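Survey of secondary and tertiary structure
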Amino acid sequence: MGSSEGLGTPAKEHGVTKPISMAGPTVTDLQRTLELEKFLADSGLYESVEEADKREEVLHRLEQIVKNWVKQLTHLRGYTDQMVEDANAVILTFGSYRLGVHGPGADLDTLCIGPSYVNREEDFFYTLHDILANMEEVTELQPIPDAHVPVMKFKFDGISIDLLYASISRLIVPADLDISDVSVLHNVDEPTVRSLNGCRVADRILKLVPNVQHFRTTLRCLKFWAKRRGIYSNVTGFLGGVNLAILVAQVCQFYPNAVPSMLVSRFFRVYTQWGWPTPVMLCPIEENELGFPVWHPRKNPRDRSHHMPIITPAYPCMNSSYNVSTSTLRVMMEQFQYGNRICGEIELNKSCWKALFEPYKFFESYKNFLQVDIVAADVDDLRSWKGWVESRLRQLTLMIERDTFGKLQCHPYHREFMDTSRHCFHCAFFMGLQRKQGEVVQEGQQFDIRGTVEEFRHSVNMYMFWKPGMGIYVSHVRRRQIPCYVFPDGYKRSRPSRPTSHENHKLFHEEEVSRAVHERIRKRKNDDGVGVMQNGLLKRKSTSPPENRLARHNSLGAGGFSVDAVSDSQELRNVESNHLSNSGQDELDRTESPEPASNSSVITNDGGSSEDNGYVSRAGGVEMIDNVRFEDTTYGNDSVSPVKNRAENGNEVLNELQEQLQPNAMLGMVIDSAGKLHSEAVQEPVIRRLSLASTV
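Residues numbered from 1 in each chain as written. Predicted model: local features only at pLDDT ≥ 70, side-chain atom pairs only at ≥ 80, totals over all residues. Heavy atoms only, no water.

**Brief notes about the pattern of salt bridges**
- Using the criterion set out here, one finds 25 salt bridges in the structure.
- As a salt-bridge pair, R269 and E347 come within 3.6 Å of each other at their nearest N and O atoms. Placement of the pair is R269 in helix α9 (residues 260-272) and E347 in helix α10 (residues 326-347), with a sequence separation of 78 residues.
- Residue E347 is classed as partly exposed on the basis of its relative accessible area of 31%.
- In this structure, a network of salt bridges that share partners links the residues E57, R61, E137 and D157. (Salt bridge = Lys/Arg side-chain N within 4 Å of Asp/Glu carboxyl O. Helix = DSSP H or I, 4+ residues; strand = E, 2+ residues; numbered from the N terminus. Buried < 20%, exposed > 50% of the residue type's maximum accessible area, 1.4 Å probe, protein only.)

Here you go:
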């Protein structure tokens with residue numbers, strides 16, 4: 001399985017503190033470890049010999065490509081023939097592959113180290129990029145030069161590769177380069193340091209654990225657990241591979257003689273009681289005359305704001321989990337508590353390992369969600385656009401926390417969803433929303449996140465590589481309006497019990513009151529085509545032509561965002577088609593002037609959606625759903641506009657995209673017992689203000 005470095009040395013102290021316990025395993029612990037290892041193997045976490053051989057072959061071919069690339073550049077720059085012959089580049093791995101915990105289909109994290117005269121900006125991202133682009137084996141090539149750690153992503157013969165580049169201050173790169181030697185950091189910039197540190201950190205972790213094999217089994221187990229429980233995503237503010245590896249290594253240091261079944265249990269026991277923001281450190285923080293900044297909250301004010309410091313063990317020591325927010329830390333602590341409870345039951349023989357890995361039911365855990373739909377003109381544009389938007393979702397979480405003083409909590413889901421039945425280039429992300437538990441609130445106090453969402457959209461639209469056709473839609477959906485493609489195996493909602501005769505009479509009376517009150521509101525607004533309430537459902541009153549209703553179909557802006565009620569999705573498609581054919585603009589205008597929107601409402605946290613409660617009544621211009629207030633105010637603007645044509649001959653493609661993208665806040669989605677989707681004309685949800693008086 002890998003190196004035996006560190007095996008058989010339990011007496012040696014590792015880390016900055018003494019071990020918590022030197023106890024070894026009992027017979028029961030050994031048996032549970034065998035059961036755990038069998039479960040991991042049965043779950044398909046180990047790659048086959050054939051897959052391992054293919055990875056080795058791909059690595060060898062990639063190394064030959066970069067060697068030839070460096071020799072070519074050496075020759076073009078007029079160096080001697082001897083220099084050309086000696087010119088070299090090496091390929092090193094990092095991440096899960098270097099740690100020995102990768103599984104089937106995992107990305108291959110690689111680092112190319114080249115000489116000082118081969119740079120990243122032009123030679124790597126242009127010359128090498130063009131070489132790879134012209135190779136048959138290379139697909140899905142995506143350069144990301146502006147990332148925190150600049151990277152080139154692609155597939156080589158079907159294997160996903162993340163390739164970094166580091167130019168070190170040497171004319172010739174030795175084949176046996178010692179990456180752990182701090183001298184490789186001389187005279188390099190910070191992006192190069194970050195690129196080199198992936199390999200340096202992985203090597204250092206393996207040297208700091210008392211038993212490498214036990215560390216690997218435990219880490220493989222907890223990576224699988226984190227993925228199943230929805231908290232394995234560094235980009236959205238959860239745990240990544242390095243974070244988790246350091247957390248596991250710390251537990252290995254605390255219990256140097258423990259076997260994997262014990263280490264998994266102790267992992268949850270330790271981190272449910274950990275006093276964040278106390279940092280997790282495998283070794284003392286080292287400072288060096290090279291002068292690179294290291295994590296130091298006393299010297300660096302920014303470091304004081306970190307919620308979950310997990311410090312890398314190689315110089316320069318950094319916080320690998322700076323992405324964590326208050327909201328994502330809350331979610332992770334809840335999952336640690338879940339793991340601790342299940343492991344306690346396993347130790348009492350009341351449960352089994354399978355229970356620990358039960359998938360987290362994200363869409364059953366919240367009543368309100370933000371849905372972020374993104375579209376692009378082709379699959380390559382979508383790939384780059386999706387990566388950018390996903391990297392900014394963490395900022396949306398932070399902005400909402402900032403603007404609501406931490407009282408509205410967000411849970412970004414770690415994966416995207418696509419409707420495979422449609423031939424359009426789009427995907428959707430979701431974020432669960434809830435009020436902070438235990439918060440003392442005043443009656444009538446509300447959140448307003450309209451400006452927050454607009455600020456987020458503005459930052460996303462600053463994408464350096466934005467192209468016409470790239471669009472983003474943000475909408476509020478309730479649990480029962482989640483689109484059906486999110487549940488590929490079907491999603492059966494609970495059916496309410498049949499009302500008694502007394503309940504029928506009460507409901508009939510409330511509907512009559514609703515009709516009477518709403519009729520008065522309709523008369524005041526009949527020029528707006530707002531709609532009328534019939535039998536508890538909102539129906540569109542078609543009093544204005546489609547082009548006059550365009551401004552109301554889906555607005556999002558500095559004044560807030562609202563989604564107008566539409567009873568038929570075809571109407572939206574017609575409006576968008578008319579707009580696209582008449583617009584005369586060749587690219588998306590991302591700063592349109594505000595236009596009026598109507599029928600704005602709030603997120604409900606207690607009563608859920610109007611469908612959940614069975615009816616909607618109106619009184620005095622305020623919609624009432626149980627005890628949750630909805631203010632009926634007209635406001636908004638139209639900074640989310642339909643995607644406009646790339647060029648005149650590209651209208652058909654983008655028309656199809658817009659026709660197939662159905663903003664979910666436009667329609668109520670009803671799935672019958674057969675799993676079929678129906679469109680119901682229900683009162684649409686729109687984020688405006690969240691009543692603090694409601695609870696989840």
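**Some details on unusual backbone geometry**
- Across the junction of W276 and P277, the peptide omega takes the value 10°, indicating a cis bond.
- Summarising the element assignment, P277 is placed in the loop between α9 and α10.
- In this chain, Y315 is followed by P316 through a cis amide linkage whose omega measures -5°.
- Here P316 is to be found in the loop between α9 and α10.
- You will see that E140, though not glycine, has its phi angle at about 55°, which is positive.
- Along the polypeptide, E140 turns up in strand β3 (residues 138-144).
- Backbone geometry places F405, a non-glycine residue, at a positive phi of 55°.
- With respect to the helices, strands and loops of the structure, F405 is situated in the loop between α13 (379-403) and β7 (408-412).

**Side note on the sheet that holds strand β8 (residues 426-435)**
- In space, the 4 strands of this open sheet follow the order β7-β8-β6-β10, with antiparallel pairing throughout. Since the sheet does not close on itself, it has two edges, and those belong to β7 and β10 (471-478), each with one partner. Averaged over neighbouring strand pairs, the angle between their axes works out to 25° when direction is ignored.
- Summarising the sheet, β7 and β8 pair through 5 bridges and their orientation is antiparallel. (Pairing = 2+ DSSP bridges. Axes fitted to C-alpha atoms, helices over the stretch in contact; angles between N-to-C directions.)

**What to know about the environment of E121**
- Turning to its location among the elements, E121 is positioned in helix α5 (residues 120-133).
- On the basis of relative accessibility, which here comes to 48%, the residue E121 falls in the partly exposed class.
- Note: C-alpha distance between E121 and P145 (24 residues apart in sequence) is 7.6 Å.

**Overview of α13**
- Here α13 contains 25 residues, and its C-alpha end-to-end distance of 35 Å stays within 8% of the 36 Å for a straight helix at 1.5 Å per residue.
- If you look at α13, its biggest bend is around 25°, right at R392.
- Count one or two residues on from α13 and you reach F405, which has phi positive near 55°. (Expected span 1.5 Å × (residues − 1). Bend = angle between axes of the 7 residues up to and from the residue.)

**Regarding the sheet that holds strand β1 (residues 90-93)**
- In spatial order, the strands read β1-β2-β5-β4-β3; together these 5 strands make up an open sheet with mixed pairing. Where the open sheet ends on each side, the last strands, each with one partner, are β1 and β3. Adjacent strand axes in the sheet meet at a mean angle of 25° when their direction is disregarded.
- Where β1 lies against strand β2 (residues 108-114), 4 bridges are found, and the strand directions are antiparallel.

**Description of the packing of α13 against helix α14 (residues 450-460)**
- At a minimum axis distance of 9 Å, the contact between α13 and α14 shows a crossing angle of 150°. Considering the angle they form, α13 stands roughly antiparallel to α14. For the pair α13 and α14, the sense of crossing is right-handed. Two secondary-structure elements touch here, α13 through W385, W388, V389, R392, L393, L396, M399, I400, R402 and D403 and α14 through T452, E455, F456, S459 and V460.
- Of the residues assigned to the contact of α13 with α14, the class counts are 9 nonpolar, 2 polar and 4 charged. (Parallel < 35°, antiparallel > 145°, perpendicular 65-115°, else oblique. Left-handed = near helix turned anticlockwise from the far one by under 90°. Contact = heavy atoms within 4.5 Å. Nonpolar A, V, L, I, M, F, W, Y, C, P; charged D, E, K, R; others polar.)

**Quick word on a negative patch on the surface**
- Together, E50, E51, D53 and E56 line one region of the surface with negative charge.
- With respect to the helices and strands, the residue E56 is situated in helix α2 (residues 49-76).
- Assessed through its relative accessible area of 46%, E56 is described here as partly exposed. (Patch = residues over 30% accessible without salt bridge, like charges linked within 9 Å, V, L, I, M, F, W, Y side chains within 5 Å. Areas by Shrake-Rupley, 256 points an atom, 1.4 Å probe, with all protein chains shown as cover. Lys, Arg positive; Asp, Glu negative; His and termini not counted. Charge placed at Lys NZ, Arg CZ, Asp CG, Glu CD.)

**What about α10?**
- Spanning 22 residues, α10 covers 32 Å between terminal C-alpha atoms, matching the ideal 32 Å at 1.5 Å per step.
- Where α10 terminates, the next one or two residues include N349, which has phi positive at roughly 60°.

**Looking at the packing of aromatic side chains**
- Here the structure, examined in full by the defined rule, presents 34 aromatic pairs.
- For the ring pair F267 and F268, a centre distance of 5.3 Å and an interplane angle of 90° mean the geometry is edge-to-face. Each member of the pair, F267 together with F268, is buried.
- Chaining the aromatic ring pairs together yields one cluster made of W225, F254, F267, F268, Y271, W274, W276 and F336.
- Lying over the aromatic face of Y338, R229 brings its terminal NZ or CZ to 3.7 Å of the ring centre.
- The positively charged end of R266 is found above the aromatic ring belonging to Y255, 5.8 Å away from the centroid. (Phe/Tyr/Trp six-rings, centres within 6.5 Å; stacked < 30°, edge-to-face > 60°. Lys NZ or Arg CZ within 6 Å of the ring centre and 35° of its normal.)

**Some details on the packing of α9 against α10**
- The geometry of α9 relative to α10 is characterised by a closest axis approach of 8 Å and an angle of 135° between their N-to-C directions. Classified by the angle their axes make, α9 and α10 are oblique. Here α9 runs over α10; the crossing is left-handed. Contact with α9, carried on its side by V264, S265, R266, F267, F268, R269, Y271 and T272, involves M333, F336, Q337, G339, N340, C343 and E347 of α10 and no other residues of that element.
- Residues of the contact of α9 with α10, tallied by class, amount to 7 nonpolar, 5 polar and 3 charged.

**Examining the nonpolar core**
- Residues F215, W225, F267, Y271, W276 and F363 are the most contacted members of the largest nonpolar core, which totals 79 residues.
- Discounting chain neighbours no more than four positions away, the residues touching W225 are I231, F268, Q335, F336, Y338, L356 and F357.
- A87, A89, Y97 and F156 belong to the second largest nonpolar core, which has 30 residues in total. (Core = buried A, V, L, I, M, F, W, Y, C linked by side-chain atoms within 4.5 Å.)

**A look at the confidence of the model for the chain**
- With 67% of its residues at a pLDDT of 70 or more, the chain has an overall mean of 75.
- Low confidence marks residues 492-518, where pLDDT is under 50. Its contacts with residues over four positions away, or in another chain, come to 23 contacts.
- Confidence drops under a pLDDT of 50 for residues 520-696, and excluding neighbours within four residues, the segment shows 426 contacts in the predicted structure. (pLDDT = per-residue confidence, 0-100.)

**As for the environment of T236**
- Here T236 shows up in the loop between α7 (212-228) and α8 (241-254).
- Between the C-alpha atom of T236 and that of N323, which follows or precedes it by 87 residues, the distance is 7.2 Å.

**Re the pairing of strand β5 (residues 159-167)**
- A large share of β5 lies buried, amounting to 9 of its 9 residues.
- Covered by surrounding structure in β5 are I159, I161, L163, Y165 and S167 together with S160, D162, L164 and A166, the residues of both alternating faces.
- Taken together, the 7 bridges between β2 and β5 define a ladder with parallel strand orientation. The residue of β5 that forms the bridge with C112 is Y165.
- Here strand β4 (residues 151-156) pairs with β5 via 5 bridges, running antiparallel. Bridging from a neighbouring strand, K155 pairs with S160 of β5.
- Hairpin remark: β4 followed by β5, antiparallel, with 2 residues in the connecting loop; positive phi at D157, about 55°.

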